[in-house]
Amino acid sequence: MRIIVVGAGEVGSYVAHRLSREGNDVVVIDQSRRRLREIDEELDVLTVLGSGSSPVALAEAGLDKAELVAALTDNDEVNLLACMQARRAGVERTVARLESPDLRGRAGLDVRRTVGVGMVIDPDEEIADEILDLIAFLGASDVKEMAGGEILLIGARLGAEAPAVGRRMSDIGRDYDPNWEFIFGTVTRGGETFIVRGDYTLGEGDLVRVVCKRRGQNDLMELLGLKKQRVSRVMLLGGGRTASKVARVLCRKGVEVAIVERDYERCQELSEHLPNALVLHGDITEVDLLVEEEVGSYDSVVALTGEDDANILACLFAKAEGADETIAVVHRLGLLRLLDQIGVDAALSPRTVSANSVLRFVRGDVAEVATFLEGDVEVIELEVQPNTVAIGSSIADLGLNHEILVAAILRDGKAEIARGRSVLRVRDHVIVFASPELVPEVHRVFG
Amino acid sequence: MVWLPAPVDRRATAVIRYSHDKLFRGRYRSAPALTVGVVWFMGGLAVLPAAALDLVTKGDHPLSLLLASAILVTIGLPLVLAVRLPVRMSTQGLFSSLVFGALAMMTAGAVVHLATGAVDSVVDAITEGAAGVSTTAASVVVDPSELSRGEQLFRAMLQWGSGVMSLMAIVKVFPRLGIGGLQAEGGVATRAAARLSPTTGGNVRRLTALYVLFTGLIATGYFLAGMPLLDAILQSLTTASTGGWTTRAGSLGAFDSAAIEWVAVAGMFVAGISLPFGFRVLRTGRVALFWRSYEFRGYVTLVVVSWWILVAWSGDWSMSGIRAGVFAATSATSTTGMFTVNPDHFNGQGVSLLITLVAVGGMSASLTGGIRIARVLVMFGVMQREITRQMHEHSVKMVRVGRSTVGDAVVSRMLGEVALNALVASFGYLALAVFGDDVLSAIGAAVSLLATAGPAYGSPDPASTLTALEPAGRIVAVVLMMLGRISILPVLGVIAIGTKPMRRRVRLRRGTLVRDRGDR
Amino acid sequence: MTATRAPTESLLQRRRRYPSAATHVTGIALMIVAVGMAVSAVVGFIDSGDDRWTDVWALLGSAAISAALGAAMWWLTEVPRRQKTSVAFTTVTWSWVAVSVVGALPFLFAGTFDWARVDDALFESISGFTCTGSTVIGDLSTVPKGVRFFRQMSQWFGGMGLIVLAVAILPALKVGGLELIAAEAPGPTPDRLAPQVRETAKRLWILYGGVTAVIAIALMAVGGMDLYDGIAHAFTTASTGGFSPYPASAGHFQSVTVEIVLILGMIYCGGSFALHWQAIRGDWTVYHRVSEFRIYIAMIVILIPVATVLNHDLDVGLGRRALDAAFNIATVVTSTGFGTADFTLWGPASQVLLLLLMIPAGMTGSTSGGIKILRLQVLVKYAFREITRARHPRSVSALTLGPVPVREDVVHRTMGFILLYLGATFTGGAIVTALGSDPVTGFSSAISATGNIGPALGEAGPASTFAVIPRLGRPVLMFLMLFGRLEVFPTIIATMVALRPVQRAVGVRYRRVAIRRSLPE
């Protein structure tokens, strides 16, 4: 499949990276020669220099042969123009990154239809959702809703006091038999991620990813040693668009929100839009300010400026002052390995978060895709198609690769944790753990 | 939505520049002179129907009224003919036009009162003129029913005309000041006073139409409630303008009719609502807009709660007791100043509530006086913000009224204006206390005059606000009423322009002093 | 912290101390008050007649309770190393409240109020420690002499506390005043918050004590008072409190010289102590340089003849009239509240004048109450700047006091201060009126309470007591006295901090459950 990615920024290049790894022909268009060179060195993609709105550049990228165009620059107008030209050239599927709420919302419906935008993504919005999920689960490193909210995918690093530490998988499974409410998917230990099997014993410091039914989340959180407590005060360090989205939702729920922002005029804007939030003017690494405002007394501290080092430093300081949970937004994936060693509870990156949406769209028939910052594994939700080998067969009989795990089955809106004896039917949704290389295999089996 | 500070709006200039050039083609260019000319000329014409009415009803003064009309037209016409608007209307020009226009209206009122012999002295005539222009219900005339019908009509028209002047000020002058006029992008704290039409002329026309319609409705109401037709018309003119003059001694209570009083309550209540806001609701037909306006909600809450409190305090839950309480509270909040019962009906608490209501007044961009609800809300916002700032050294917070935020420039303007009013009121208390005989009635009268209500709250005879004063005290009252109506910033602005040379001299002297100090 | 502690440290230092600045400081304040009570007990022992022992035991009992409480609070807590600004506000508020509660004990023990009127005892005590000078005691002569002396002393302690407040707390408010004065008067100024706080407070305390001594000596030498009266009146003059051990207040002495000494004393103490300190150090021009002082003096000098003229129809001679005018204007402007002539019998204009003067009261950096002249200056300049701005919409002008520009955020805070001050006063007045006072009494007593003046107009005039205020209205006035004394913000912030747990508990809760996404359509 030929895919054109317009914009080689943070989001664009990551999407290109993921797509090319799955064996697609990816063409990246960008105006910056430097960025294109970097991509050239790193990825197996074709690069074209030029603006995404330019017909010449698009033609050079092979617009007529493309099956999908993802316009991911940070400029709404360029994205719209790219999508329009793609649609004119007969490209069926288009993705546009739109930041303006007017264009994204109901008011922009007409424009989007005329231009022919197939799917809209907004990294800020997505990351805001992700942050809200993380805030809701204290101590979790990833939280993702799947199957329309029936299933939760929770990632967490096991602390020393977690009851699960030192127990074998099969023992845990026996404890909860016959009605499993959750299933362990992968474990990341020592930088390596693998699907857990019954003989594995959980250890301290393991990063586990668990699929659980909404009903079973309490048991699971207890097992993982996650605290379940109410969030009543959240401090957001950095007052960008993401922060204001997060703050708006939290304020509506009655959470006390404080926002620290460096730019005075932006502060005023924030105070205008968020009547109930406390807006503070200052730098997030200014220790005096954080002390004065008692950063340690907050339940969650989220650092989401554009500067990785400031975010991390501020989180560290907040943790040292006694904040329950710290979440950092990081842009450079290389820093990730450091974070959990030094005590930042969760980290997320705009690129992976929005890449998930694009990947979901690219695969078309897949309902949800989750990828993670750490660990080379995907969680896919997809529908079992007619005329595939899976129909009528129990999971154990499918003879799947050991690196593929069927975690849950969603039938008629009801979710069940998959067992070896579960039999699949047409139109079932399955939730599957798999490494990216095995995604085609998953598709072969389930459709 | 952000409310930008008003001074940003420069469109008003351009609009004013063109709209009148077709009409006025005089040689000299001066906005204040033209305003004065127009006011006098129109005032003169307005006396004519009064004279005609006197002829028809066989009143005493048709000839005197004609004479007054002639005088006013004679002075006004040459100005109208000789003067045209300047090419570019400066802010100072607007101030002076407003101030001198109001003064011209005041003198026109004085001339007519002198001509018919309704008052005996010049000071009284000016006082009466000022009370008319400022839509204050106080009067030097003890018994208005002794005046001829023509005089009564002129007096009612004077107050009604002042309402039109206020409309013009709301549309044309106040936006420049940022003190609660019709704004391109707000400037008052609430959306109640956003502009209706892109041109100022369009805004004036729309609001005037609404004003006329409103007056007509009240007149109909009064008539249906059993008032004689002529009285109904006269009374509707002063009710719609929140003026409050009546045709009988004892104010509206003299009619002794519950129906009439309820009509008046309704009229006064509506008069306290922002005009552009009312227009928008009528035009769109969306009554829900009412509830969306924070200021309106504040207004209704204030009025209804004070109804209840006032009646509860008077302890009289009979129908007439409720009516008395409701009437007094509404009349005070809308700064109309009509009354039905002697203030003895209310105890000290009730009186202090009434004084407070008068001081607060109605919504912004309405014809009432007082501080206005929006500004009170802004003051609450400022308090809240300063507490937050005190607790969180680095916090940034916008002053907020309901869902809208108010810019710092507008906040400063409002606070400054309220502070100036408070200073003037303090001098008012002092001055009226010199001529009065107790503390409470001095304060009540000063607040009432500055807010252009009229009755001396706290004194045994509410109609005696002006009559109880010595001539010197009446001059103080004139100053308070005019300041209250024109609003204080334009007046002080004009005074500042007038005294510039003097102040420059003083400053020069001080400057040398400073330099001396530096040398030492 | 324990890890770094050297083993040689004594056992005493190793005990567990709870970090609470408010409790620690309150403990110290209580112990100081206990000393005052003990001293008063000695005075009572020497001076009281028949009721000597009630007097002494009442005071010693209170002193014991106060000292025990204070010592316990001080002993068990320590001042944490790092603290928020709001902690300072909470600290002053609670220490004032605690001291006032303890200060009510002698009145109860001595039988001035029976236990059913515990609120009145508290009113008297708050009125003392806030240097207000309003009283609810109808006949002071029934109160034992020692307790009366303690009552005088409570105001003097209040004044001492105020100096700490002015030096250590108010600069953090940015509207306190010392920093503004300092800006206007260049040179070595006592405005630095840290590390000179201790030093500055010490200097001002010395000055305060010196002034008290000078007034006492003058009252004895010139006015012919005895030692007890001299010291008692010096206490309340220096603190601009205005209590007197006699029912007729300063009028008790029927002496022109006493009145003149008191007038001069009050005017001196209504001026900024920081200025006085500089003047004593030899820089006399400071009085001329600082505009607030010029206005302060001008106000007094101009208004005395005005009030004299306004009182022309009173049936007293010109000299007496002028002296009464001077005394009452001085007593109101400095927020002292001594009484000689009953100004509620004056004409309405003079009464309105006094009422208006109660609002600004004295200078910043003094022991007087009210909004303070400096803030009024800021208000007036702020208002007049708007005239310029209205005429020249694009003009930019900084507000200046003397030669020094005032920062815009300080201006805004000052405006917030004034609004809150007036708003609270108005609300308090409205409540008192609604409870049944007549409007003039109700509102003027609220103005008087917030301004820490003492007497009010109407029924609560200098010849009367605040017992005329409805019983439920008096707690409102007590709050206003504290509110005004602590310069508005500390009380509000302390209340908010105290209410925070409640607010959190009541507020809408957000549970840790997954948030349902609202997917874009």
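Everything numeric in this text was worked out from a predicted model, so none of it was measured.

A.B. asks: Quick one: what's the story with the overall build of chain C, residue by residue and with numbers?
C.D. replies: In terms of regular secondary structure, chain C is built from 21 helices and four strands. Here chain C holds 521 residues, and the buried ones make up 59% of them. Put simply, 72% of the contacts in chain C that link residues at least 6 apart link residues at least 24 apart. Working note: accessible area of chain C is about 19,900 Å², and carbon and sulfur atoms make up 69% of it.

A.B. asks: Would you mind going over empty space enclosed by the protein in detail, with residue names and values included?
C.D. replies: Residue and element names in this part refer to chain B. Tallied over the entire structure, the rule returns six cavities of 30 Å³ or more. Of the volumes computed, that of the largest cavity is approximately 150 Å³. Taken together, 16 residues line the largest cavity, and the ones lying closest to its centre are Ala328, Phe339, Val341, Leu354 and Tyr457. Of all the secondary-structure elements, those providing two or more residues to the lining of the largest cavity are helix H13 (319–333) and helix H14 (348–360). The leading source of residues in the lining of the largest cavity is H13, at three residues.

A.B. asks: Can you lay out the packing of helix H6 (residues 118–129) of chain C against helix H20 (residues 473–485) of chain C for me, pointing to particular residues and giving the numbers?
C.D. replies: All names here are of chain C. As a packed pair, H6 and H20 sit with axes 10 Å apart at the nearest point and diverge in direction by 20 degrees. In terms of axis orientation, H6 runs roughly parallel to H20. The way H6 lies across H20 gives a crossing that is left-handed. Counting all contacts with H6, which are made through Asp119, Asp120, Leu122, Phe123, Ile126 and Ser127, the residues of H20 involved are Arg474, Leu477, Met478, Met481 and Leu482. Taken together, the residues of the contact of H6 with H20 sort by class into seven nonpolar, one polar and three charged.

A.B. asks: Lay out the confidence of the model for chain C with the relevant residues and their values.
C.D. replies: Residue and element names in this part refer to chain C. Per-residue confidence for chain C gives a mean pLDDT of 84, with 88% of residues at or over 70. With pLDDT under 50 throughout, residues 1–12 is counted as low confidence; its partners more than four residues away or in other chains account for six contacts. Predicted confidence is poor over residues 508–521, with pLDDT under 50, and the contacts of this stretch with residues over four places away or in other chains come to 50 contacts. This complex was scored by the predictor with a pTM of 0.86 and an ipTM of 0.88.

A.B. asks: Summarise the nonpolar core; cite the residues concerned and give the values.
C.D. replies: Ranked by size, the top nonpolar core spans 287 residues in total, and within it Tyr222 and Leu252 of chain B together with Leu477 of chain C carry the most contacts. Those residues in contact with leucine 477 of chain C that lie beyond four places of it in its chain are Phe123, Val432, Ser445, Ala446, Ala449, Phe466 and Ile469 of chain C. Among the nonpolar cores identified, the runner-up in size contains 57 residues, and Leu134, Cys212, Val249 and Cys267 of chain A belong to it.

A.B. asks: Which residues make up the packing of helix H17 (residues 439–450) of chain B against helix H18 (residues 471–486) of chain B, and what are the values?
C.D. replies: Residue and element names in this part refer to chain B. Here H17 crosses H18 at 45 degrees, and the two axes come no closer than 7 Å. In terms of their interaxial angle, H17 and H18 are classed as oblique. Taking contact as the criterion, the partners of Ala446, Leu449 and Leu450 in H17 are, on H18, Ala477, Leu480, Met481, Leu483 and Gly484. Class assignment of the residues belonging to the contact of H17 with H18 gives a composition of seven nonpolar, one polar and no charged.

A.B. asks: Tell me what's going on with the pairing of strand S1 (residues 2–6) of chain A, and back it up with residues and numbers.
C.D. replies: All names here are of chain A. Burial of S1 is extensive: five of the five residues sit out of reach of the surface. Residues Arg2, Ile4 and Val6 of S1 are buried on one face, and the alternating residues Ile3 and Val5, pointing to the opposite face, are buried as well. The sheet contact formed by S1 and strand S2 (residues 25–30) spans five bridges and is parallel. Bridging across to S2, valine 6 finds its partner in isoleucine 29. Each parallel crossover has a hand, and for S1 linked through helix H1 (residues 10–21) to S2 it is right-handed. As paired elements, S1 and strand S4 (residues 68–71) share four bridges and run parallel to each other. Residue valine 5 lies in a different strand from S4, and its bridge partner there is alanine 70.

A.B. asks: Before we move on, could you go through a positive patch on the surface and cite the residues and values that matter?
C.D. replies: A contiguous patch of positive charge, built from Arg286, Arg292, Arg297 and Arg403 of chain B, is present on the exposed surface. Tracing the backbone shows arginine 286 of chain B in the loop between helix H10 (275–284) and helix H11 (288–292).

A.B. asks: Now, about the pairing of strand S12 (residues 233–237) of chain A: what can you tell me, with residues and values included?
C.D. replies: Residue and element names in this part refer to chain A. Among the five residues in S12, five count as buried, and that is most of the element. Of the two faces of S12, the one carrying Arg233, Met235 and Leu237 and the one carrying Val234 and Leu236 are both buried. For S12 and strand S13 (residues 256–261), the ladder comprises five bridges, and the chain directions are parallel. Note on S13: the bridge partner recorded for valine 234 is valine 257.

Rules behind the numbers
Residues numbered from 1 in each chain as written. Chains lettered and ligands numbered in written order. Predicted model: local features only at pLDDT ≥ 70, side-chain atom pairs only at ≥ 80, totals over all residues. Heavy atoms only, no water. Helix = DSSP H or I, 4+ residues; strand = E, 2+ residues; numbered from the N terminus. Buried < 20%, exposed > 50% of the residue type's maximum accessible area, 1.4 Å probe, protein only. Contact = heavy atoms within 4.5 Å. Areas by Shrake-Rupley, 256 points an atom, 1.4 Å probe, with all protein chains shown as cover. 1 Å grid on protein atoms, 1.4 Å probe; cavity = no way out; pocket = protein on both sides within 12 Å on 5 of 7 lines; lining within 4 Å. Points joined across faces, edges and corners; volume = space filled by probe spheres on them. Axes fitted to C-alpha atoms, helices over the stretch in contact; angles between N-to-C directions. Parallel < 35°, antiparallel > 145°, perpendicular 65-115°, else oblique. Left-handed = near helix turned anticlockwise from the far one by under 90°. Nonpolar A, V, L, I, M, F, W, Y, C, P; charged D, E, K, R; others polar. pLDDT = per-residue confidence, 0-100. Core = buried A, V, L, I, M, F, W, Y, C linked by side-chain atoms within 4.5 Å. Pairing = 2+ DSSP bridges. Right-handed = clockwise from strand over helix to strand, strands pointing away. Patch = residues over 30% accessible without salt bridge, like charges linked within 9 Å, V, L, I, M, F, W, Y side chains within 5 Å. Salt bridge = Lys/Arg side-chain N within 4 Å of Asp/Glu carboxyl O. Lys, Arg positive; Asp, Glu negative; His and termini not counted. Charge placed at Lys NZ, Arg CZ, Asp CG, Glu CD.

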